[in-house]
Amino acid sequence: MDKKLLLKNIEQLAERGQVSKDELLSAFNAGAGGDRIYELLRNISFSRVLYYIGGGIVVLGIAVLIGQNWDRLNAFTKLLSTLGISLGVFIYGLVLCRNKGHDILGQALFFISALVAPIGLYVLFDITGFNASSMPVQSIIYIILTLWMVISFLKIRKFVFLIFTIVFSANMYVCINFMIAMGSPFLEKILFYSLLILGVSAILIGYFLTETEFSGLSGLLYAVGSAFFLGEAFALCGYPPENNRIWEILFPALVFGLVYISVRIKSKSILIISSGYLMVFILNITSIYFSGSLGWPLALMLIGILLIITGYFTIYLNKKYILS
Amino acid sequence: MKSNSKRPVIVALALPLILMLIIILSIYLPEYLESPEGRFIYAVCEDFNKAGIDLTVVNGRLTKPDTLGAAPIIERFRVSFYIYNMETGNRTNIEIDEALDFEIDTSQVSSTGHKIAPGSRLEGIFPFSIIQVDSTVRYLKGKFTAQKLELDFIHGNTEMEFRFIGWIK
């Protein structure tokens with residue numbers, strides 16, 4: 001049977017409600033090896049998680065070792081124990097990735113390399129006499145790291161490079177914005193707006209990735225993006241006496257906008273984070289505007305009722321539109 | 001809803017660039033967004049706290065502090081008065097008697113919505129860093145823009161050396 005025709009038929013059956021997602025998945029699993037595949041995938045994911053946790057612990061160990069002996073190390077050893085390790089591990093990862101059987105281990109090494117690389121470049125700039133804490137130098141460090149990860153991703157197309165491309169480019173962006181506005185009293189606002197915009201970008205990139213081989217990253221980007229977006233919008237609301245009325249009015253609209261998006265793209269993480277921020281907003285606004293006039297006992301009752309309503313609608317939307 | 005085009009990525013990359021352009025515009029070409037008008041009067045001293053000089057404005061006029069009129073004034077704590085023109089960015093040194101003649105508005109915000117504010121700086125390596133107040137500089141801060149004020153300081157600590165007196169009416 002033609003594959004396109006088969007898929008078209010499935011679409012039509014799904015539209016009429018004659019076939020469910022579970023039925024389709026069980027049919028697919030039965031053909032593809034059933035539970036054995038599930039078991040294998042679970043083992044791979046588990047070992048991958050262990051590799052990454054191990055990688056993180058290794059980086060922590062390196063950081064503590066260097067931190068404890070910083071004054072005793074000379075410039076060369078400092079560089080060798082940071083950038084040297086990063087480059088060495090990266091090259092070893094490249095070697096391992098040539099062999100399909102060691103692919104996951106190779107990615108864990110890339111993970112270690114990418115975590116140590118910023119420290120390595122910081123040390124490099126520091127020992128060569130630059131002020132590594134200055135924004136221009138920090139921008140250059142993140143530009144180098146972003147280029148490194150982008151080139152690696154384009155050449156090897158590994159998941160880990162995509163993650164670090166996003167992380168380093170986001171840091172690069174904020175540092176460049178800080179460099180442009182260096183000294184300005186608006187640095188805090190610039191940080192809020194930068195992270196707000198990065199939140200939107202993360203959601204958009206997550207959405208784009210859903211149709212690619214890296215769709216596994218979409219959920220994480222949705223969660224981080226919506227947390228950044230609403231977190232910074234909430235920060236822009238401010239606190240009395242410097243609260244911003246425009247953002248206070250805009251914030252609920254942004255939350256409901258994200259709830260709508262979560263339903264459209266079927267993202268549970270965006271729905272939960274939006275609901276969480278709506279609850280925090282209700283608490284904040286009630287304490288600012290109603291605790292004085294209504295009194296705290298009544299204000300608390302109002303908060304409680306609104307939180308129950310928010311919770312109920314979150315569960316309702318999740319069941320009706322996202323899980324179905 | 002399916003992401004079958006590259007449009008999300010294009011928008012995801014364009015949005016940060018647009019914000020960056022707005023930041024550049026607000027920092028380097030503030031006059032296109034907000035233009036401050038008028039003048040303000042300020043005083044500079046090596047250390048106002050140590051000198052014990054209290055500059056007060058009563059009924060819209062600067063009152064002459066006793067310590068300024070009394071002789072001998074310790075040379076180190078000599079107070080200089082300046083007028084800052086916000087449109088041109090020029091400052092003019094004036095004598096205390098000239099400063100007493102001006103009618104002054106002491107509110108924090110000018111008629112064009114500007115105020116005098118310290119700068120800010122990032123301490124540490126991003127993202128493990130905090131934003132702190134930078135007392136070595138003063139800015140003319142509007143709603144969206146901030147212009148660095150070119151002021152002469154002795155040690156570079158505006159908290160000790162700088163006193164904003166008011167907007168000239």
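Rules behind the numbers
- Residues numbered from 1 in each chain as written.
- Chains lettered and ligands numbered in written order.
- Predicted model: local features only at pLDDT ≥ 70, side-chain atom pairs only at ≥ 80, totals over all residues.
- Heavy atoms only, no water.
- Patch = residues over 30% accessible without salt bridge, like charges linked within 9 Å, V, L, I, M, F, W, Y side chains within 5 Å.
- Areas by Shrake-Rupley, 256 points an atom, 1.4 Å probe, with all protein chains shown as cover.
- Salt bridge = Lys/Arg side-chain N within 4 Å of Asp/Glu carboxyl O.
- Helix = DSSP H or I, 4+ residues; strand = E, 2+ residues; numbered from the N terminus.
- Pairing = 2+ DSSP bridges.
- Axes fitted to C-alpha atoms, helices over the stretch in contact; angles between N-to-C directions.
- Contact = heavy atoms within 4.5 Å.
- Buried area = accessible area lost by both parts, 1.4 Å probe.
- Polar contact = N/O pair within 3.5 Å; in protein donor to acceptor, adjacent residues only side chain to side chain.
- Nonpolar A, V, L, I, M, F, W, Y, C, P; charged D, E, K, R; others polar.
- Buried < 20%, exposed > 50% of the residue type's maximum accessible area, 1.4 Å probe, protein only.
- 1 Å grid on protein atoms, 1.4 Å probe; cavity = no way out; pocket = protein on both sides within 12 Å on 5 of 7 lines; lining within 4 Å.
- Points joined across faces, edges and corners; volume = space filled by probe spheres on them.

What follows is about a nonpolar patch on the surface. Residue and element names in this part refer to chain A. Side chains of Phe290, Leu294, Leu298, Met301, Leu302, Ile305, Leu306, Ile309, Tyr312, Phe313, Tyr316 and Tyr321 sit close together on the surface and give an oily, nonpolar patch of about 1,100 Å² of accessible area. Mapped by element, the contributors of at least two residues to the nonpolar patch are helix H11 (268–294) and helix H12 (296–322). The element best represented in the nonpolar patch is H12, accounting for ten residues. Within the secondary structure, leucine 302 is located in helix H12.

This paragraph deals with the sheet that holds strand E9 (residues 146–148) of chain B. Residues and elements named next belong to chain B. An order of E7-E8-E9 is seen for the three strands of this open sheet, with the pairing classed as antiparallel. Among the strands making up the open sheet, the edge pair consists of strand E7 (115–125) and E9. Across the sheet, the axes of successive neighbouring strands diverge by a mean angle of 50°, strand direction being ignored. Where strand E8 (residues 128–141) and E9 come together, three bridges link them in antiparallel fashion. Bridge pairing in E9 places lysine 141 opposite alanine 146.

So, about the interface of chain A and chain B. Contact residues are listed per partner, giving 37 residues for chain A and 34 residues for chain B. Around 3,100 Å² of area is buried between chain A and chain B when both sides are counted, 73% of it from carbon and sulfur atoms. Seen at the junction of chain A and chain B, the total is zero salt bridges. At the boundary of chain A and chain B, one finds nine residue pairs in polar contact (both at pLDDT 80 or more). The set of elements that each furnish at least two residues to the side of chain A that touches chain B consists of helix H6 (135–156), helix H7 (159–180) and helix H8 (187–209) of chain A. A total of 13 residues in the side of chain A that touches chain B trace back to one element, the largest contributor, which is H8 of chain A. Split into classes, the residues belonging to the side of chain A that touches chain B amount to 25 nonpolar, nine polar and three charged.

All names here are of chain A. Within the element layout of this structure, leucine 221 appears in helix H9 (residues 218–237). Exposure remark for leucine 221: the relative accessible area of 8% places this residue in the buried category. Residues leucine 221 and leucine 162 lie 59 residues apart in sequence; the distance between their C-alpha atoms is 12 Å. Beyond its immediate sequence surroundings of up to four residues, leucine 221 is in contact with Ile166, Ala202, Ile203, Ile205, Gly206, Leu209 and Ser226.

Of the pockets and cavities examined, the largest pocket occupies roughly 1,500 Å³. Considering the residues around the largest pocket, the lining is formed by 40 residues, among which Phe186, Lys189 and Asn244 of chain A together with Lys141 and Lys143 of chain B are closest to the centre. Elements supplying a minimum of two residues to the lining of the largest pocket: H8, H9 and helix H10 (245–264) of chain A together with helix H1 (7–28), E7 and E8 of chain B. The dominant element in the lining of the largest pocket, judged by the number of residues it contributes, is E7 of chain B, at six residues. Grouping the amino acids of the lining of the largest pocket by side-chain chemistry returns 23 nonpolar, eleven polar and six charged.

Nothing here speaks to function; it is all geometry.
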